[in-house]
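# Structural description and commentary
What follows is the residue order along each chain.
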Amino acid sequence: TLKIESVGKRDGKPRIWFEVPELRRLLKTTKAHIKELKQTRWAADAEECYDFIVWMANTGMRVGEARNVRFCDIEIETETAADGITRRCCLIKNIRGKRGTGECKSWFAAYNAYKRIIARRAIADPSTSKELLFLAHHRDMFNAILDKADLKFTNTEPRRKRDFVSLRHTYI
């Protein structure tokens, strides 16, 4: 039999990610956005959006999975590198998403986002809290920040659009 190779939707267009300088520019623009909104009702949302960006880029979770994470699903692990530097990361368990239930281990920056969220929301004991880690889906704010940072589209031809999923692929 003759098998004809076909190019599927995914094969022809892999997902877009952020290069390191682009991710730095995104985070810098997001911090500036927080300062702009400091005295408005959107200040807490801007801070949470920043933490969502950091979380997504450092866990590789799908958007829906990140939205389902509760404080009680996160355990903190401490690692000591060969050079003696101690860092903390998050071990996320009970991730409910597209592939069922699983777990993942974050990069170190996700721990900082996690600690900021706990402090901002005054969570007394995160290990027993059933509250969601992220309260809102900040798609509109994220798109506005991408536009400000001139990162909404790639510089490649043809130009490709970025979204929250691009953060997952930055991690991958």
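To keep things clear, this report deals only with the structure shown in the data block. If you're wondering where the values come from, they're calculated on a predicted model, not measured in any experiment.

### Here we look at the overall build of the protein chain
The number of helices and strands found in the protein chain is seven helices and three strands. Starting at the N terminus and ending at the C terminus, the protein chain contains elements arranged as α-α-α-α-β-β-β-α-α-α. Principal-axis analysis of the C-alpha atoms gives the protein chain an extent of 65 × 40 × 35 Å. The 172 residues of the protein chain split such that 38% are buried. Look at the contacts in the protein chain between residues 6 or more apart in sequence, and 61% of them connect residues 24 or more apart. When the accessible surface of the protein chain is summed, it comes to about 10,700 Å², and 51% of that surface belongs to carbon and sulfur atoms. A gap of 2 Å separates the mean positions of the 35 positive and 23 negative side-chain charges of the protein chain.

### Observations concerning the pattern of salt bridges
If the charged atoms of two oppositely charged side chains come close together, the side chains can form a pair. Counted according to the given criterion, the structure contains eleven salt bridges. Arginine 116 is the partner of aspartate 51 in a salt bridge, and the nearest nitrogen-oxygen pair spans 2.7 Å. Residue aspartate 51 is found in helix α3 (residues 43-59), and its partner arginine 116 is found in helix α5 (residues 109-121); the two are separated by 65 residues along the sequence. On the accessibility criterion, aspartate 51 (0% relative accessible area) is buried. Lysine 105 is the partner of glutamate 77 in a salt bridge, and the nearest nitrogen-oxygen pair spans 3.2 Å. A residue pair is termed long-range when its members are at least 10 positions apart, and glutamate 77 in strand β1 (residues 74-80) and lysine 105 in strand β3 (residues 100-105) qualify at 28 residues. Where salt bridges share partners, they join Asp51, Arg116 and Arg120 into one cluster.

### Here's the deal with the packing of aromatic side chains
A full pass over the atoms with the stated rule returns six aromatic pairs. With a centroid separation of 6.3 Å and 80° between ring planes, the pair formed by tryptophan 107 and phenylalanine 108 is classed as edge-to-face. For phenylalanine 108, a relative accessible area of 26% puts it in the partly exposed group. Aromatic side chains phenylalanine 142 and phenylalanine 164 sit 4.4 Å apart centroid to centroid with 20° between the ring planes, which places their arrangement in the stacked category. Of this pair, phenylalanine 142 sits in helix α6 (residues 139-148) while phenylalanine 164 is found in helix α7 (residues 164-171), placing the two residues 22 residues apart along the sequence. With respect to class, phenylalanine 142 is no different from phenylalanine 164; both count as buried. In this structure an aromatic cluster arises from ring pairing among Phe52, Trp55, Phe134, Phe142 and Phe164. The aromatic ring of phenylalanine 108 is capped on one face by arginine 87, whose charged end is 5.2 Å from the ring centroid.

### Details of the side chain of glutamate 48
Note on placement: glutamate 48 falls in helix α3. With no salt bridge to any partner, buried glutamate 48 finds its closest opposite charge in arginine 121, at an N-O distance of 4.4 Å. Only 3.2 Å separates the side chain of glutamate 48 from the backbone nitrogen of alanine 136, close enough to count as a polar contact. Ignoring anything within four residues of it in the chain, the contact list for glutamate 48 reads Arg120, Arg121, Leu133, Phe134, Leu135, Ala136 and His138.

### Details of α3
For α3, which comprises 17 residues, the first-to-last C-alpha distance of 24 Å matches the rise-based estimate of 24 Å (1.5 Å per residue) to within 8%. Judged by how many residues are buried, α3 sits mostly within the fold: 14 of 17 residues are covered. In the stretch just after α3, glycine 60 is the one whose phi turns positive, near 75°.

### What about α5?
Its 13 residues give α5 an end-to-end C-alpha distance of 19 Å, which sits within 8% of 18 Å, the value for a rise of 1.5 Å per residue. Taken residue by residue, α5 has Ala110, Tyr111, Ala113, Tyr114, Ile117, Ile118 and Arg121 as its buried positions. Projected onto a plane normal to the axis of α5, the buried residues spread over an arc of 160° and lie on a single side. At the exit of α5 stands alanine 122, carrying a positive phi of roughly 55°.

So, how was this worked out
- Residues numbered from 1 in each chain as written.
- Predicted model: local features only at pLDDT ≥ 70, side-chain atom pairs only at ≥ 80, totals over all residues.
- Heavy atoms only, no water.
- Helix = DSSP H or I, 4+ residues; strand = E, 2+ residues; numbered from the N terminus.
- Buried < 20%, exposed > 50% of the residue type's maximum accessible area, 1.4 Å probe, protein only.
- Contact = heavy atoms within 4.5 Å.
- Areas by Shrake-Rupley, 256 points an atom, 1.4 Å probe, with all protein chains shown as cover.
- Lys, Arg positive; Asp, Glu negative; His and termini not counted.
- Charge placed at Lys NZ, Arg CZ, Asp CG, Glu CD.
- Salt bridge = Lys/Arg side-chain N within 4 Å of Asp/Glu carboxyl O.
- Phe/Tyr/Trp six-rings, centres within 6.5 Å; stacked < 30°, edge-to-face > 60°.
- Lys NZ or Arg CZ within 6 Å of the ring centre and 35° of its normal.
- Polar contact = N/O pair within 3.5 Å; in protein donor to acceptor, adjacent residues only side chain to side chain.
- Expected span 1.5 Å × (residues − 1).
- Arc of directions from axis to C-beta.

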